[in-house]
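# Commentary on secondary and tertiary structure
One-letter residues, chain by chain:
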Amino acid sequence: MADLNFKVIRDDATTLHVIECALAEDIGAGDVTTRHLVPDDLLGRGHFLAKQDLVLCGLGLVEFILERVDGRISFMPELEDGIPVPAGTRFGRLTGPFGSLLTAERTVLNFLTHLSGIATLTAQYVNRVEGTSAKIYDTRKTMPGLRLLEKYAVAAGGGQNHRIGLFDAILIKNNHLATGKSIGQLVKEAKERALGAAFIEVEVGNMSQVSEAVAAGPDIIMLDNMDLEQIEQARAIIPARIAIEVSGNVTLETVREIARCGVDRISVGALTHSAPAADLSLRIQPDHAH
C-alpha cells in the first residue's frame, strides 16, 4: 500500500483537483468584498490559534493553498502535523497582502479543521487502547475525493491505514459469498491470482465462518459486528499466524474492552465519516494596526 507521507498526497492528482475545486467554489470569479473594499497595497499578518485541545493535521496544505491564491503570502508554521496542541496555542504565522489573506482564509480553515478533527478523534481511540496489542485502523468510509488526505489525518493521529482502495488488497466480504463460492474457494483463488495484493482478508459474521476462514488461511480474519463473547471464542481458534481484526459498531466507550480481548486490529469507520471539525481559527489584521 502507498506510503502516506505528505509529498505522496500533495502530488496526487485527485488531491490536487480537490484543492483547486475548493478554491474555485469559494473564490469563483473573485472575492468581490475584498476587491472593492480592501486597498490593493494594504499588507497584513495573521496567526493560527487552537481553540480546543487537538492534534494538528493539514499544515502542509496551508502553504500549498496560499501560493495558489497569492504567491506573495508567506506562511511560517510553528509546529508539525501529528503534534498534540493544547487550547490557546498559536501554531503558525502568515504575512502578505491583507486582501489575499482574507480571500484564502476559509478554504485553509476548512481543510485544517476537518483534517485536525480526524487526527484528534483518532488519537482519542489510540489512547483508549494503549497498553494492549490492538492497533486502530481506518476504513474506506471517507468523503469522495478526500481519501488520501483523510487517511493521512488518521496516521497523524497515531492510527493505521487499512487498504487505500479496492486496488491494493483483497477483502472478501459477505457479498462476495453471494457468487456461490465458499470462503475456502475464494481464498484459494485469491492466493493464486492476486499475487500483488498487500494482504488477503476475510470478513466473517459467525463461528462457522470463522472455522472456515481459519482452514482457508488468509492473512487477516475480520470479525464483523461480533459481541465480546463471540470475539473471545473466535480468538481461541484463530492461530497466531492469522491477524484478528474487529469491525462494526466500535465506539470510544467500547473500544478498550474489544482491545482487551487480545485482537490485533480494530477498524473504525467513525474516524473519517463522523469526526467533528476541530475548533481553530485564523486571526488576521492589517499591518497599519501595529
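Note that the structure is a prediction, hence the values are computed from the model and not measured.

### Quick word on the sheet that holds strand β1 (residues 43–50)
- One open sheet holds the four strands; their spatial order is β3-β5-β1-β12, and the pairing between them is antiparallel. Of all the strands in the sheet, just β3 (74–77) and β12 (280–286) have a single pairing partner and so form its edges. The sheet shows a mean angle of 15 degrees between the axes of neighbouring strands, taken without regard to direction.
- Where β3 meets strand β5 (residues 90–97), four bridges bridge the pair, whose relative direction is antiparallel.

### Brief notes about the pairing of strand β10 (residues 243–247)
- Of all five residues in β10, five are buried, a share of seventy percent or more.
- Along β10, one buried face is formed by A243, E245 and S247 and the opposite face, lined by I244 and V246, is buried too.
- Bridging between strand β9 (residues 220–224) and β10 involves five bridges; their strand directions are parallel. Across the sheet, the residue bridging to M222 is E245, located in β10.
- Between the parallel pair β9 and β10, the chain is carried across by helix α10 (residues 228–237), and the sense of this crossover is right-handed.
- Sheet topology note: the β10/strand β11 (residues 265–267) ladder contains three bridges and is parallel. Of the residues in β11, the one forming a bridge with E245 is R265.

### Details of unusual backbone geometry
- One non-glycine residue, N225, lies in positive phi territory at about 55 degrees.
- For N249, which is not glycine, the phi torsion reads 55 degrees and is therefore positive.
- Note that N249 resides in the loop between β10 and α11 (255–259).

### So, the sheet that holds β11
- The strand order β6-β11-β10-β9-β8-β7 describes an open sheet built from six strands, whose pairing is parallel. The open sheet terminates on both sides in strands that have one partner only, identified here as β6 (135–137) and β7 (170–172). Across the sheet, the mean angle separating the axes of adjacent strands is 25 degrees when strand polarity is ignored.
- In this sheet, strand β8 (residues 200–204) lies alongside β7 in parallel orientation, the contact comprising three bridges. Paired with I170 across the bridge in β8 is I200.
- The sheet contacts of helix α8 (residues 183–193) involve β7 and β8, and relative to β8 the element is tilted by about 165 degrees.

### What to know about the layout of surface pockets
- Volume-wise, the largest pocket comes out at about 390 Å³.
- If you trace the largest pocket, you find 21 residues lining it, with T139, K141, K173, S247 and S267 closest to the centre.
- Going through the elements one at a time, β9, β10 and α12 (270–273) are the ones with two or more residues in the lining of the largest pocket.
- Residues belonging to the lining of the largest pocket are distributed by class as follows: five nonpolar, eight polar and eight charged.

### Notes on the packing of aromatic side chains
- For the structure shown, the criterion picks out two aromatic pairs.
- When the ring of F48 is compared with that of F75, the centres are 5.9 Å apart and the planes differ by 90 degrees; the resulting orientation is edge-to-face. On the criterion of sequence distance, the pair formed by F48 in strand β1 and F75 in strand β3 is long-range, its members being 27 residues apart.
- The buried category is assigned to F75, whose relative accessible area is 10%.
- One aromatic cluster in this structure is built from F48, F75 and F91.
- Positioned above the aromatic ring of F64 is the side chain of R68, whose terminal nitrogen or guanidinium carbon lies 3.9 Å from the ring centre.

### Concerning the nonpolar core
- One finds F48, Y125, L223 and I266 to be the most contacted residues of the largest nonpolar core, which totals 79 residues.
- Ranked by residue count, the leading element in this core is helix α5 (residues 98–128), at 12 residues.
- When residues no more than four places from it in sequence are discounted, the contact partners of I266 are V129, A134, K135, I136, Y137, V246, V250, V255, I258 and A259.

### Some thoughts on the side chain of S116
- For S116, the location among the structural elements is in helix α5.
- With relative accessibility at 0%, the residue S116 sits in the buried group.
- Not counting the four nearest positions on each side in its chain, S116 is found in contact with V55, L56, C57, A278 and L280.

Rules and cut-offs
Residues numbered from 1 in each chain as written. Predicted model: local features only at pLDDT ≥ 70, side-chain atom pairs only at ≥ 80, totals over all residues. Heavy atoms only, no water. Pairing = 2+ DSSP bridges. Helix = DSSP H or I, 4+ residues; strand = E, 2+ residues; numbered from the N terminus. Axes fitted to C-alpha atoms, helices over the stretch in contact; angles between N-to-C directions. Buried < 20%, exposed > 50% of the residue type's maximum accessible area, 1.4 Å probe, protein only. Right-handed = clockwise from strand over helix to strand, strands pointing away. Contact = heavy atoms within 4.5 Å. 1 Å grid on protein atoms, 1.4 Å probe; cavity = no way out; pocket = protein on both sides within 12 Å on 5 of 7 lines; lining within 4 Å. Points joined across faces, edges and corners; volume = space filled by probe spheres on them. Nonpolar A, V, L, I, M, F, W, Y, C, P; charged D, E, K, R; others polar. Phe/Tyr/Trp six-rings, centres within 6.5 Å; stacked < 30°, edge-to-face > 60°. Lys NZ or Arg CZ within 6 Å of the ring centre and 35° of its normal. Core = buried A, V, L, I, M, F, W, Y, C linked by side-chain atoms within 4.5 Å.

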